[in-house]
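# Coordinate inspection notes
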Amino acid sequence: MKLMNTLLTATALVGIGAAAHAEKWDMPMAYAASNFHSEVGTEFASCVTTGTDGALEIVTHPSGSLFGGAEIKRAVMTGQAMIGERLMSAHENENPLYGVDSIPFLVSSFDEHEMLWSIAEPYVADALAEDNLHYVYSVPWPPQGLYMNKELTDIEGMKGVKFRSYSAATAKMAELTGALPVQVEAAELSQALATGVAESFISSGATGYDRKVWEHLSHFYEVDAWLPRNAIFVNLDAWNDLDEATQAVITECGATAAADGLAKSEAYTAFTLNELKKNGMTVERASDHLMGQLKEMGAVMTEEWLAKAGDEGKAIIDAYKGE
Ligand code: PCA
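Residues numbered from 1 in each chain as written. Predicted model: local features only at pLDDT ≥ 70, side-chain atom pairs only at ≥ 80, totals over all residues. Heavy atoms only, no water.

### Overview of the site of the ligand
- Every residue close to the ligand is listed here: Tyr31, Leu87, Trp141, Gln144, Arg164, Tyr166, Ala186, Ser203, Ser204, Thr207 and Pro228.
- Ser203 has a polar side-chain atom sitting 2.7 Å from an oxygen atom of the ligand.
- For the shell around the ligand, the class distribution of residues is six nonpolar, four polar and one charged. (Near = heavy atom within 4 Å. Polar contact = N/O pair within 3.5 Å; in protein donor to acceptor, adjacent residues only side chain to side chain. Nonpolar A, V, L, I, M, F, W, Y, C, P; charged D, E, K, R; others polar.)

Here's what the structure looks like:
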């Protein structure tokens, strides 16, 4: 009887121990499940689940199904979700450093962008820590181009056009070109185009492909304005509560995901532009005249960003230009 009791107690303790240690984290993500960011996030989640032998299970929720894009950062800051993915530049209004990847025409290729990011990453990680978030990894979107429902040869053509924005920089672009900005998450983009709430926007070929924009728009101009990033972050209190071994698994899975995400983003660039063409869109580089006008606007935005971002912003840009 005594032995029986001991066995029962031991079993109960093991049971309680496992229940107390196994955790499940829901990971809200804003973009379609088939998008490469979401795919990489799902692989990252299973890497953590496997790497911790199920002690920490991460479950992804793409398409803004758990929290819409605009709510994800706050949800993780406040612990409503322990981990999430968000487009950093959508939060430039909170901290200019979040918009370091959206300074027009500072970088136009993946290589230039990665060089800028290697300098900016620790600054952005510090900014996130001030917001009670631990930065895990991030992945760039392909270069940003202009989607229109008509031919665009001169910036004048954007006057009065309803322009979907996703960040402070995209809203500013609308303002400077005389377009009318309307903030819309990618998950609601098809709807916004179908109902005429938006009739143009700046984004990657990837988002145009994901949202089948050829059903509504006719032109994509490659202008390579910038490459914005999605970051994955953990609630800082939840992070600090993890043991070191679990933190190490998350960090390693994050490094793998970052490398994989970059490769996927690069591969997706040509693929998606081709798909836009195949589906009847005119895909071409913007004319020199239009590029010149856009770059003038970019110079104004760069000055404004530097004025807002202070010493840290200047340090990043100076280091980048000195490379
Ligand atoms: N797609 C995202 C952000 C940048 C991009 O290429 C979007 O349009 O919401």
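### A closer look at the packing of aromatic side chains
- For the structure on display, the rule yields eleven aromatic pairs.
- Ring geometry for Tyr31 against Trp141: centres 4.7 Å apart, planes inclined by 70°, an arrangement best described as edge-to-face. Of the two residues, Tyr31 sits in the loop between strand E1 (23-28) and helix H2 (36-51) while Trp141 sits in the loop between strand E4 (133-140) and strand E5 (145-148), which places them 110 residues apart along the sequence.
- The exposure class of Tyr31 is buried, given its relative accessible area of 7%.
- On the accessibility criterion, Trp141 (3% relative accessible area) is buried.
- Aromatic pair Tyr209 and Phe271: ring centres 5.3 Å apart, planes at 75°, arrangement edge-to-face. Placement of the pair is Tyr209 in helix H7 (residues 205-210) and Phe271 in helix H9 (residues 244-278), with a sequence separation of 62 residues. (Phe/Tyr/Trp six-rings, centres within 6.5 Å; stacked < 30°, edge-to-face > 60°. Helix = DSSP H or I, 4+ residues; strand = E, 2+ residues; numbered from the N terminus. Buried < 20%, exposed > 50% of the residue type's maximum accessible area, 1.4 Å probe, protein only.)

### Structural notes on the side chain of Thr60
- Summarising the element assignment, Thr60 is placed in strand E2 (residues 56-61).
- Accessibility expressed as a relative area gives 17% for Thr60, which makes it buried.
- Side chain to side chain, Thr60 and Thr42 meet in a polar contact 3.3 Å long.
- Ignoring anything within four residues of it in the chain, the contact list for Thr60 reads Met27, Met29, Gly41, Thr42 and Ala45. (Contact = heavy atoms within 4.5 Å.)

### Remarks on the sheet that holds strand E8 (residues 200-203)
- With mixed pairing, six strands are arranged side by side in an open sheet as E7-E6-E8-E5-E9-E11. With one partner strand each, in any of the chains shown, strand E7 (180-183) and strand E11 (282-285) form the two edges of the open sheet. For this sheet, the mean inter-axis angle between neighbouring strands, taken without regard to orientation, is 25°.
- Relative to E11, strand E9 (residues 219-222) runs parallel, the two being bridged by four bridges. (Pairing = 2+ DSSP bridges. Axes fitted to C-alpha atoms, helices over the stretch in contact; angles between N-to-C directions.)

### Observations concerning the pattern of salt bridges
- Within the structure shown, the criterion is met by 15 salt bridges.
- Residue Arg86 is joined to Glu185 by a salt bridge in which the shortest nitrogen-to-oxygen separation is 3.4 Å. Here Glu185 lies in the loop between E7 and helix H6 (189-194) and Arg86 lies in strand E3 (residues 83-87), a separation of 99 residues in the sequence. Here the two residues Arg86 and Glu185 agree in accessibility, since each one is buried.
- For the salt bridge of Lys278 with Glu275, the shortest nitrogen-to-oxygen distance reads 3.1 Å. In this pair, Lys278 and Glu275 both sit in helix H9, three residues apart, roughly one turn of the helix.
- Sharing partners across several salt bridges, the network here consists of Glu43, Asp260 and Lys264. (Salt bridge = Lys/Arg side-chain N within 4 Å of Asp/Glu carboxyl O.)

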